Amino acid sequence: MIVLRNLTKVFVMQGRRKVVADNINAVFPTGTSVGLLGRNGAGKSTLMKILPTYYRADSGTAEVNGLDVARHPEQVQRSLGYLPEHNPLYLDLYVREYLGFCASVYQSSRDRVATVVEQTGLAPEAGKKIGQLSKGYRQRVGLAAALLHDPDVLILDEPTTGLDPNQLLEIRKLIRDISGEKTILLSTHIMKEVEAVCDRVLIINKGRLVADTTLRELRKD
């Protein structure tokens, strides 16, 4: 479960204040798949970085599974998985080698590596170096790493950016398959992405939350 209360983040650039998250309030119940929809620069990525504790809010609070992200950052990090927009990977490592390294960081068992390799469809490529993989399979590696510690919450920032049509469909299906088990917050600027993966949508514009509704209600409008 994710709870946002009056969440605000301000950046100062060249002496000017820019409010990138403006007094945002929202609740995402456990098991919900939520799409955060908005144009590039709307503030989506900033919000996504506050939840896994990369950024600190200037005011308001954010909670993940009842834990305040500012007060309990390490516990929050253990309870969520995060796939950033620019997926950071060690390209010289083999897929299983990289996931084994991530498992050691999370103190997850080696059995979890085998589980997420199968879950994310990486088995055919698991013996290759990450640098040899297509963009689609690299995204799978990032998603597998985010799933290693079996988190209750997944934060996915633009997970299909740069994928070709076939890869895009495969990653969407993979996210849908996972969504029944976890709370998922996914950011995108494409409405079709939200329709394909999510059951609820939040629309953000210039840092402000302008809509919070189900897809069914949105289609009625």
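Note that the structure is predicted; figures quoted are calculated from it, not measured. (Residues numbered from 1 in each chain as written. Predicted model: local features only at pLDDT ≥ 70, side-chain atom pairs only at ≥ 80, totals over all residues. Heavy atoms only, no water.)

### Quick word on the overall build of the chain
What counts is decided by this rule: Put simply, DSSP H or I for four residues or longer makes a helix, DSSP E for two residues or longer makes a strand, and each gets a number counted from the N terminus. Atoms counted for the radius of gyration: C-alpha only. Globule rule: 2.2 Å times residue count to the power 0.38. Relative accessibility thresholds used throughout: buried, under 20% of the residue-type maximum; exposed, over 50%; partly exposed, between the two (1.4 Å probe, protein chains only).
Regarding its fold elements, the chain presents 8 helices and 10 strands. The C-alpha atoms of the chain give a radius of gyration of 17 Å, which matches the 17 Å a tight globule of 221 residues would have. In terms of its C-alpha atoms, the chain occupies a principal-axis envelope of roughly 45 × 40 × 35 Å. Of all 221 residues assigned to the chain, the portion counted as buried reaches 48%.

### Focus on the packing of aromatic side chains
For clarity, the cut-off: Whether two aromatic rings pair depends on their centres lying within 6.5 Å, for rings of Phe, Tyr and Trp, where Trp uses its six-membered ring; planes under 30 degrees apart make the pair stacked, over 60 edge-to-face, and the rest tilted.
Evaluated as defined, the whole model comprises 4 aromatic pairs. Ring centres 5.3 Å apart and planes at 45° place the aromatic pair Tyr54 and Tyr82 in the tilted group. Here the residue Tyr54 occupies a position in the loop between helix H1 (44-50) and strand S4 (59-64), and Tyr82 occupies one in strand S6 (residues 80-83), the gap between them amounting to 28 residues. Look at Tyr54 and you get exposed, because its relative accessible area is 59%.

### Some points on helix H3 (residues 95-106)
The line we're drawing: Here the expected length of a helix is defined as 1.5 Å per residue gap, with one fewer gap than residues.
With 12 residues, H3 should reach 16 Å at 1.5 Å per residue; the first-to-last C-alpha distance of 17 Å fits that figure. Buried within H3 we find Val95, Tyr98, Leu99, Gly100, Cys102 and Ala103. Following H3 by one or two positions, Gln107 has its phi on the positive side, about 60°.

### Section: the sheet that holds strand S10 (residues 208-214)
Basically, it comes down to this: At least two bridges found by DSSP between two strands is the condition for calling them paired. To obtain an axis, a line is fitted to C-alpha atoms, over the contacting stretch when the element is a helix, and the angle between two such axes runs from 0 to 180 degrees between their N-to-C directions. Residues are treated as being in contact if the distance between any of their heavy atoms lies within 4.5 Å.
The 6 strands lie next to each other as S6-S7-S8-S3-S9-S10, forming an open sheet whose pairing is mixed. Every interior strand has two partners, whereas the edge strands, S6 and S10, have only one. Adjacent strand axes in the sheet meet at a mean angle of 15° when their direction is disregarded. As defined by bridge partners, strand S9 (residues 200-205) adjoins S10 across 6 bridges and the pair is classed as antiparallel. Pairing of Val201 across the sheet is with Thr213, part of S10. The strands that helix H5 (residues 135-147) touches are S6 and strand S7 (153-157); relative to S6, the one it contacts most, it runs at about 160°.

### Here's the deal with the pairing of strand S1 (residues 2-13)
Bridge count between S1 and strand S2 (residues 16-28): 9 bridges; the pairing is antiparallel. For Val3, the partnering residue across the bridge sits in S2 and is Val27. From the end of S1 to the start of S2, which pair antiparallel, there are 2 residues, and Gln14 there has a positive phi angle of about 55°. Of the pairings in the sheet, the one linking S1 to S4 comprises 5 bridges and is antiparallel in character. What sits directly across from Val3, in S4, is Glu63.

### Let's talk about the pattern of salt bridges
Definition in use: What counts as a salt bridge is simple: a side-chain nitrogen of Lys or Arg found within 4 Å of a carboxyl oxygen of Asp or Glu.
Inspection of every chain in the model, using the stated rule, returns 10 salt bridges. Residues Glu158 and Lys44 are paired through a salt bridge, measuring 3.8 Å at the closest nitrogen-oxygen approach. Note that Glu158 is positioned in the loop between S7 and helix H6 (165-179) and Lys44 in helix H1, a separation of 114 residues in sequence. By relative accessible area, Glu158 is classed as buried at 6%. Assessed through its relative accessible area of 5%, Lys44 is described here as buried. Here Glu74 makes a salt bridge to Arg78, at a shortest N to O gap of 3.8 Å. A residue pair is termed a helical-turn pair when its members lie 3 or 4 positions apart in one helix, as Glu74 and Arg78 do in helix H2 (residues 73-79) at 4 residues. Accessibility expressed as a relative area gives 54% for Glu74, which makes it exposed. Assessed through its relative accessible area of 56%, Arg78 is described here as exposed.

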